[in-house]
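Understanding the architecture of this molecule
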Amino acid sequence: MARLTTLRYGRAAVLLLTGAYFLVPLACAVAFSTGVGVPGQHIGFEAYTGIFTAGGFTDSLALTLKLATATIVLVLGLLVPALVTVRLAAPRLRTLVEIVCLLPLVVPAVALVAGFSAVLRWGSDHVAGTPLFQALVALQNPHFPLVLVLAYTLMALPLAYRTLDTGLAAIDLRMLVEAARACRAPWSRTLLHVVLPNLRGALLNTAFLTLALVLGEYTVAAILGYQPFAVWILAISGSQAQMSVAVSVMGLLVTWMLLLVVATAGRARRPKETS
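Residues numbered from 1 in each chain as written. Predicted model: local features only at pLDDT ≥ 70, side-chain atom pairs only at ≥ 80, totals over all residues. Heavy atoms only, no water.

**Considerations on the side chain of T153**
- Tracing the sequence through the fold places T153 in helix 7 (residues 146-169).
- On the basis of relative accessibility, which here comes to 4%, the residue T153 falls in the buried class.
- Separated by 2.7 Å, the side chain of T153 and the backbone oxygen of V149 make a polar contact.
- If we ignore the near neighbours within four places in the chain, the residues touching T153 are T71, L74, V75 and L78. (Helix = DSSP H or I, 4+ residues; strand = E, 2+ residues; numbered from the N terminus. Buried < 20%, exposed > 50% of the residue type's maximum accessible area, 1.4 Å probe, protein only. Polar contact = N/O pair within 3.5 Å; in protein donor to acceptor, adjacent residues only side chain to side chain. Contact = heavy atoms within 4.5 Å.)

This is the structure:
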């Protein structure tokens, strides 16, 4: 009995320390953004109410959401068919695919963007006046820089691979595909109507992780000279420090809400699958 009581108190202490680790910095950020403890500042929520009218907020957020959408589509479009094919037709290539997908973990973002910059500079010097040069210009369109989508896709591969691979391991993929093919379903319909619905949780988690990565990524965009949401937050921190903290707090809360929505959607699917 005493051992159970000790274990219970130990768990409570761990939960308390973990909660304090996350909540104390958040509380301090909220206090600073509202003027609590700031000399010469009155307490108020002007930093929060002025977010939507701040210069550059709408443009940077819209750009980030467009980049996130394109990155999610590209990541899923690349990985889902590749992982399904490897599991069904080429299991020996699974190790190679895993190494390729996890490789961005060991490549710093600075090194990645240095490589992109070198390729773009080389292209502008050697392919000027050719269709390839026009493609390079389109990649760097400031209204929708596809070069950032490519960079974010590479950075998201390790997270997406682990999530999708776990989702595929949880289902009997071969049996599902063979049953669909026995019913004369084409490969496209098998993938869309048989495989993907059984990967709903993995797909949602992959989309959420990719969205979180794009929302918080700063290094690549800043070095390449673009201003998505994370770069805009730092840009206004010099003149509007409280608003930049308020935006960060709001972004964190929205991310938590999205995580809860993803978790709820994944749990809501399980009773239907087991009934």
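**Details of the packing of aromatic side chains**
- Applying the stated rule across the entire model yields 6 aromatic pairs.
- Aromatic pair F45 and Y48: ring centres 6.3 Å apart, planes at 55°, arrangement tilted.
- Its relative accessible area of 54% is what places F45 among the exposed residues.
- Overall, the relative accessible area of 15% leaves Y48 in the buried class.
- A centroid spacing of 6.0 Å and a plane angle of 15° characterise the contact between F229 and W232, whose relative ring orientation is stacked. (Phe/Tyr/Trp six-rings, centres within 6.5 Å; stacked < 30°, edge-to-face > 60°.)

**Regarding the packing of helix 3 (residues 57-89) against helix 7**
- With their axes 8 Å apart at the nearest point, helix 3 and helix 7 run at an angle of 45° to one another. Of the possible angle classes, the one that applies to helix 3 and helix 7 is oblique. Crossing geometry of helix 3 relative to helix 7 is assigned as right-handed.
- Partitioned by chemical class, the residues of the contact of helix 3 with helix 7 number 21 nonpolar, 2 polar and 2 charged. (Axes fitted to C-alpha atoms, helices over the stretch in contact; angles between N-to-C directions. Parallel < 35°, antiparallel > 145°, perpendicular 65-115°, else oblique. Left-handed = near helix turned anticlockwise from the far one by under 90°. Nonpolar A, V, L, I, M, F, W, Y, C, P; charged D, E, K, R; others polar.)

**Considering the packing of helix 3 against helix 10 (residues 200-216)**
- Between helix 3 and helix 10, the least distance of the axes is 9 Å, while the angle of their chain directions is 140°. By the angle class used here, helix 3 and helix 10 are oblique. Pair helix 3 / helix 10 crosses with right-handed handedness. Mapping the contact onto sequence places T64, L67, A68, T71, I72, V75, L76 and V80 in helix 3 and L203, T206, A207, T210, L211, V214 and L215 in helix 10.

**Quick word on the environment of L234**
- With respect to the element layout, L234 can be found in helix 12 (residues 229-237).
- With 28 residues separating them in the primary sequence, L234 and V262 have C-alpha atoms 28 Å apart.

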